[in-house]
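# Coordinate analysis (summary)
Spelled out from the first residue to the last, the chains are:
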Amino acid sequence: MDFLGGMWLYPLLGAIAGILAGLLGIGGGLVLVGALAWLLPLQGVPKEAAMHAALASSLASIVLTAASSARAHSRRGSVLWPTVKWMVPGLLLGGWLGSGFAVKLDDGALRWIVAGYCVIAALQLLFGKNGHGSGGEHAPAPTGLPISSAAAGIGAVSAVVGIGGGSMTVPLLVWRGVAPVRAVGTSSACGVAIGLSSALGYALHAPAGALPQHAVGYVYLPAAIGVAIASVLAAPYGTRLAHKLSGLALKRVFAAFLLAMALMIGLGG
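Conventions used here
- Residues numbered from 1 in each chain as written.
- Predicted model: local features only at pLDDT ≥ 70, side-chain atom pairs only at ≥ 80, totals over all residues.
- Heavy atoms only, no water.
- Helix = DSSP H or I, 4+ residues; strand = E, 2+ residues; numbered from the N terminus.
- Contact = heavy atoms within 4.5 Å.
- Areas by Shrake-Rupley, 256 points an atom, 1.4 Å probe, with all protein chains shown as cover.
- Core = buried A, V, L, I, M, F, W, Y, C linked by side-chain atoms within 4.5 Å.
- Buried < 20%, exposed > 50% of the residue type's maximum accessible area, 1.4 Å probe, protein only.
- Phe/Tyr/Trp six-rings, centres within 6.5 Å; stacked < 30°, edge-to-face > 60°.
- Axes fitted to C-alpha atoms, helices over the stretch in contact; angles between N-to-C directions.
- Parallel < 35°, antiparallel > 145°, perpendicular 65-115°, else oblique.
- Nonpolar A, V, L, I, M, F, W, Y, C, P; charged D, E, K, R; others polar.
- Salt bridge = Lys/Arg side-chain N within 4 Å of Asp/Glu carboxyl O.
- Left-handed = near helix turned anticlockwise from the far one by under 90°.
- Expected span 1.5 Å × (residues − 1).
- pLDDT = per-residue confidence, 0-100.

The subject of this paragraph is the overall build of the chain. Of regular secondary structure, the chain possesses eleven helices and two strands. When the elements of the chain are put in sequence order from the N terminus, they spell out α-α-α-α-α-α-α-α-α-β-β-α-α. At a minimum sequence separation of 6, the contacts of the chain that also span at least 24 residues come to 82%. Summing over all exposed atoms, the chain offers an accessible surface of approximately 12,000 Å²; the carbon and sulfur share of this is 70%.

Core analysis: the largest hydrophobic core is formed by 76 residues, its most contacted members being Tyr10, Leu40, Met87, Leu91, Val114, Tyr202 and Tyr218. Sort the elements by how many residues they give to this core and helix α4 (residues 50-75) lands first, with ten residues. If we skip the residues at most four places from it in the chain, Tyr218 touches Ala49, His52, Ala53, Ala56, Ser57, Val103, Tyr202, Ala203, Ala206, Pro207, Ala210 and Leu211.

The geometry of an aromatic ring pair comes down to the distance between the two centres and the angle between the two planes. Considering all chains together, one arrives at one aromatic pair under this definition. When the ring of Tyr10 is compared with that of Tyr220, the centres are 6.3 Å apart and the planes differ by 65°; the resulting orientation is edge-to-face. Residue Tyr10 is found in helix α2 (residues 9-24), and its partner Tyr220 is found in strand β2 (residues 219-220); the two are separated by 210 residues along the sequence. On the basis of relative accessibility, which here comes to 3%, the residue Tyr220 falls in the buried class.

Before going further, it helps to examine the packing of α4 against helix α6 (residues 107-127). Two numbers describe how α4 lies on α6: the axes approach to 8 Å, and their chain directions differ by 50°. Our classification of the angle between α4 and α6 gives oblique. Contacts between α4 and α6 involve Ala50, Met51, His52 and Leu55 from the first element and Asp107, Leu110, Arg111 and Val114 from the second. Split into classes, the residues belonging to the contact of α4 with α6 amount to five nonpolar, one polar and two charged.

Following the criterion strictly, the structure yields one salt bridge and no others. Among the ionic pairs, Asp107 bridges to Arg111, the shortest N-O distance being 2.6 Å. Here Arg111 and Asp107 lie together in helix α6, a separation of four residues that amounts to about one turn. Here the two residues Asp107 and Arg111 agree in accessibility, since each one is buried.

Right, let's get into the packing of helix α7 (residues 145-161) against helix α9 (residues 180-205). At a minimum axis distance of 10 Å, the contact between α7 and α9 shows a crossing angle of 55°. The angle between the axes of α7 and α9 places the two elements in the oblique class. Pair α7 / α9 crosses with right-handed handedness. Judged by residue contacts, Ile154, Gly155, Ser158, Ala159 and Val160 of α7 engage Ile194, Ser198 and Tyr202 from α9. Taken together, the residues that form the contact of α7 with α9 break down as five nonpolar, three polar and no charged.

Turning to its location among the elements, Ile16 is positioned in helix α2. In this structure, the C-alpha to C-alpha distance between Ile16 and Val31, residues 15 residues apart in sequence, is 8.4 Å.

What follows covers α7. Look at α7: 25 Å from first C-alpha to last across 17 residues, which is about the 24 Å you get at 1.5 Å a residue. Those residues of α7 lying buried are Ile147, Ser148, Ala151, Ile154, Gly155, Ser158, Ala159, Val160 and Val161. In the stretch just after α7, Gly162 is the one whose phi turns positive, near 80°.

Below, the discussion takes up the confidence of the model for the chain. Of the residues in the chain, 85% reach a pLDDT of 70 or more, and the chain-wide mean stands at 83. Of all helices and strands in the chain, the one with the weakest mean pLDDT is helix α1 (residues 3-6) (50), whereas helix α5 (residues 81-104) scores best (96). Here residues 1-5 is modelled with pLDDT under 50, and outside its nearest four sequence neighbours on either side it reaches ten contacts, counting other chains as well.

And the structure:
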């Protein structure tokens, strides 16, 4: 597949990821990582660098996607900005350290780590219970060093598996008494910090000449830009579909999809 011939696939991937994020709130990043790990070698990216490039490009695209989502949630008063302020330092540190750690791993190790996280996300969809936030809409925003420390772990794991952290941030905030709608909105704002720090880490920690062209470090720019623009445009449609389709059925189908993707990623090296 030549460079121009494959360019249309990035917006398509972005649209799929955006719709999934709108439907389920999680999973878009994992879909991107799996698809990009398969697609990028066809675009001239060395196979041994494909997983690193997939993670970096997914995280770079998350910056714009998360910012758009956070803006929409903020307009509805669903972002707890005091919590975001306490979490951002930990997220930035964790994202930077996580990307630095991931760059030192070989392609095979990264594939199995991402595959393992796909399995965890699938199990969460299948068996996780939807929290209701014990404090309701007027619960105080979680703040303090404990939430900052947890954020560092969320940032590090997100950087290694190429996601915006929603599958960890939302359950944490709900456990702390935050209403789910506010947990999702706050998580979106946190995703901007994760994407920025992690993508910057993959760009600056990468060895010289990591990718042949059209890249900054491990961030493959055509993929990151194409995915980001399309996902921002597609996410509202996913949100609309979420109100029309069975949430339980969607979760089961997507969980099965994630399990299949885990096998594909793990055995694809």
